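Chains, contacts and geometry: an overview
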Amino acid sequence: MIHFNVPPFYGDEFEYMRKAVDAHKICGDGAFTKKCNEYLEDHTGAGRVLLTTSGSSALEMSALLCSLTPGDEVILPSYTFSSTANAFVLAGARLVFVDIRPDTMNIDENKIEDAITDRTKVICVVHYAGVSCEMDVVMDIAKRHGLFVVEDAAQGVMSTYKGKSLGTIGDFGCFSFHETKNFSMGEGGAILIREQRDVERAEILREKGTNRSQFFRGQVAKYNWIDYGSSYLPSDLNAAYLWAQFQHADEMQSDRMASWNRYHEALKPLEDKGIISLPVIPQHCEHNAHMFYIKCRDLKVRTSFIGYMRENDILAVFHYVPLHSAPAGQKFGRFCGTDEYTTKESDRLVRLPLYYRLSEQDQEKVIDRTLHFFNTL
Ligand SMILES: *Cc1c(COP(=O)(O)O)cnc(C)c1O
């Protein structure tokens, strides 16, 4: 069986986890969490980075940091994971879904402005497959209308837009280190904070509403309950697992990129014949080989392709039933304008197996079966 995903594991994760145990520090904000925070600050240029318990909790922190009040509106794509939307619903906001672009599957930056009302507070973009949204346009709109920008960069760790790391362009950026992402700590994530003025509040939110972080730095004599908050900091055991992977980040990334490029090259002839579509990477975007997807002619072809692959012991999957058509999406939001591409394009999309150390042999089998299916369609 060729799995769709295998959680990333380099090999020396246990050594670092043992160090955390030996140091009697398995709770949050130990040595490994600090190392990971600093690593991410150095590699992205973010003002401040704080590891969190998940990408979802980084999104929740971001929503809270935008200080939404009930009835405020948040603009986001409908083609995304539920976590993007949940974070803002939990903060009391109404969701306004905007259509995607068919080429990158990202929010259509030219349809954002039509969705703005006097209740709009936030634009939340999702960098699908680690390929950036058109951030210059998004930031310009946000600036003109006085809106926060949250980047769901759960899939965009180590990707860039015009040389800038994803997650560092908006007010807040959110990474995920779930086992399906390029780097993992089992469950985990990080919030990237652009402005120094937001850091203290973020630290308080993350530490159960207390100023414990300042206390540990010796900035206050005793720590106190300052504001609302929750526990958004991960165990240092998980951070140790992630730290091991950061030590080998380049190697892990090039392995993934090699697989991505092999897929692209091998399946290009199908695209040239007009049988499938392949991912589009705009000129000024550097992606991170987070996922490889193809788009079939329609839902019917996709269903039979997935079935055919399964018969051949290969797991190919689709994702994101558009949120505006889901029960919670209808309850908490509305779609702005017409759904030109969201449903149509999501119905066509299917992801092929891609993970760190996918063997060339397994990949050849996936390619071979894919070519066979579409060439005999
Ligand atoms: C993975 C993912 C999340 C959630 O991350 P978790 O760490 O699983 O909570 C949010 N948004 C997108 C787009 C994702 O791909």
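Along each chain, numbering runs from 1 in the same order as the chain's sequence is written. At least 70 in pLDDT is required for a residue's local features to be given in this predicted model, at least 80 for side-chain atom pairs to be given and counted, and no such filter applies to totals for whole chains, interfaces and linings, which use all residues. Neither water nor hydrogens contribute to the side-chain values; these are computed over all heavy atoms in the structure.

Relative orientation and spacing of two packed helices are given, respectively, by the angle between their axes and the distance between those axes. At a minimum axis distance of 10 Å, the contact between helix α9 (residues 249–272) and helix α13 (residues 360–375) shows a crossing angle of 20 degrees. By the angle class used here, α9 and α13 are roughly parallel. The crossing of α9 and α13 is right-handed. From α9, S259, R262, Y263, A266, L267 and L270 reach across to α13, where they touch E360, Q363, E364, V366, I367, T370, L371, F374 and N375. The classification used treats Ala, Val, Leu, Ile, Met, Phe, Trp, Tyr, Cys and Pro as nonpolar, Asp, Glu, Lys and Arg as charged, and all other residues, Gly among them, as polar. Its residues assigned to classes, the contact of α9 with α13 shows eight nonpolar, four polar and three charged. Lines fitted to C-alpha atoms define the axes here, with helix axes fitted over just the stretch in contact, and angles between the N-to-C directions of these axes take values from 0 to 180 degrees. Only DSSP runs of H or I covering at least 4 residues are called helices, and only runs of E covering at least 2 are called strands; the numbering of each starts at the N terminus. In these notes the angle categories are as follows: under 35 degrees is roughly parallel, over 145 is roughly antiparallel, 65 to 115 is roughly perpendicular, and the rest is oblique. For any helix crossing, the convention is left-handed if the near helix is rotated counterclockwise from the far helix by under a right angle, and right-handed if that rotation is clockwise. What makes two residues a contact is simply this: any of their non-hydrogen atoms within 4.5 Å.

Right, let's talk about the sheet that holds strand β4 (residues 120–126) for a bit. Only when DSSP finds a minimum of two bridges between them are two strands counted as paired. On the basis of which strands lie adjacent, the open sheet formed by eight strands has the order β1-β9-β8-β5-β4-β2-β3-β12 and mixed pairing. Each edge of the open sheet carries a strand with a single partner, namely β1 (48–52) and β12 (333–335). Each strand of the sheet is rotated relative to its neighbour by a mean of 20 degrees, with strand direction disregarded. Both β4 and strand β5 (residues 148–152) contribute to a ladder of five bridges, which runs parallel. Across the sheet, residue V126 finds its bridge partner in β5, namely D152.

G55, S56, D152, S176 and K181 are the nearest of the 16 residues found near the ligand. As used in this structure description, the phrase polar contact means that two N or O atoms lie within 3.5 Å; if the pair is within protein, one of them must be able to donate a hydrogen and the other to accept it, and residues adjacent in sequence are counted only when both atoms belong to side chains. Measuring from an oxygen atom of the ligand, one finds a side-chain N or O atom of Q155 at 2.8 Å. Contacts to the ligand include K181, whose side-chain N or O atom sits 3.2 Å from an oxygen atom. Look at the ligand: alone it shows 380 Å² of surface, and the protein chains cover 93% of it. Those elements giving two or more residues to the shell around the ligand turn out to be α3 (55–65) and α4 (82–90). Its residues assigned to classes, the shell around the ligand comprises five nonpolar, nine polar and two charged. In these notes, residues near a molecule or strand are those with any non-hydrogen atom within 4 Å of it. Each accessible area value is a Shrake-Rupley result obtained with a 1.4 Å probe; residue values ignore everything except the protein chains displayed when judging cover.

This paragraph deals with unusual backbone geometry. If you check the backbone angles, M158 has positive phi at about 80 degrees while not being a glycine. Summarising the element assignment, M158 is placed in the loop between β5 and β6 (160–161). Positive phi values are uncommon outside glycine, yet D313 reaches one of about 60 degrees. Structurally, D313 can be placed in the loop between α10 (299–311) and α11 (327–332).

Looking at the element boundaries, S359 is found in the loop between β13 (349–352) and α13. As for S359 and Y241, which are separated by 118 residues in sequence, their C-alpha atoms are 23 Å apart. A distance of 3.0 Å separates a polar atom in the side chain of S359 from the backbone nitrogen of D362.

Just distances and angles here, no functional claims.
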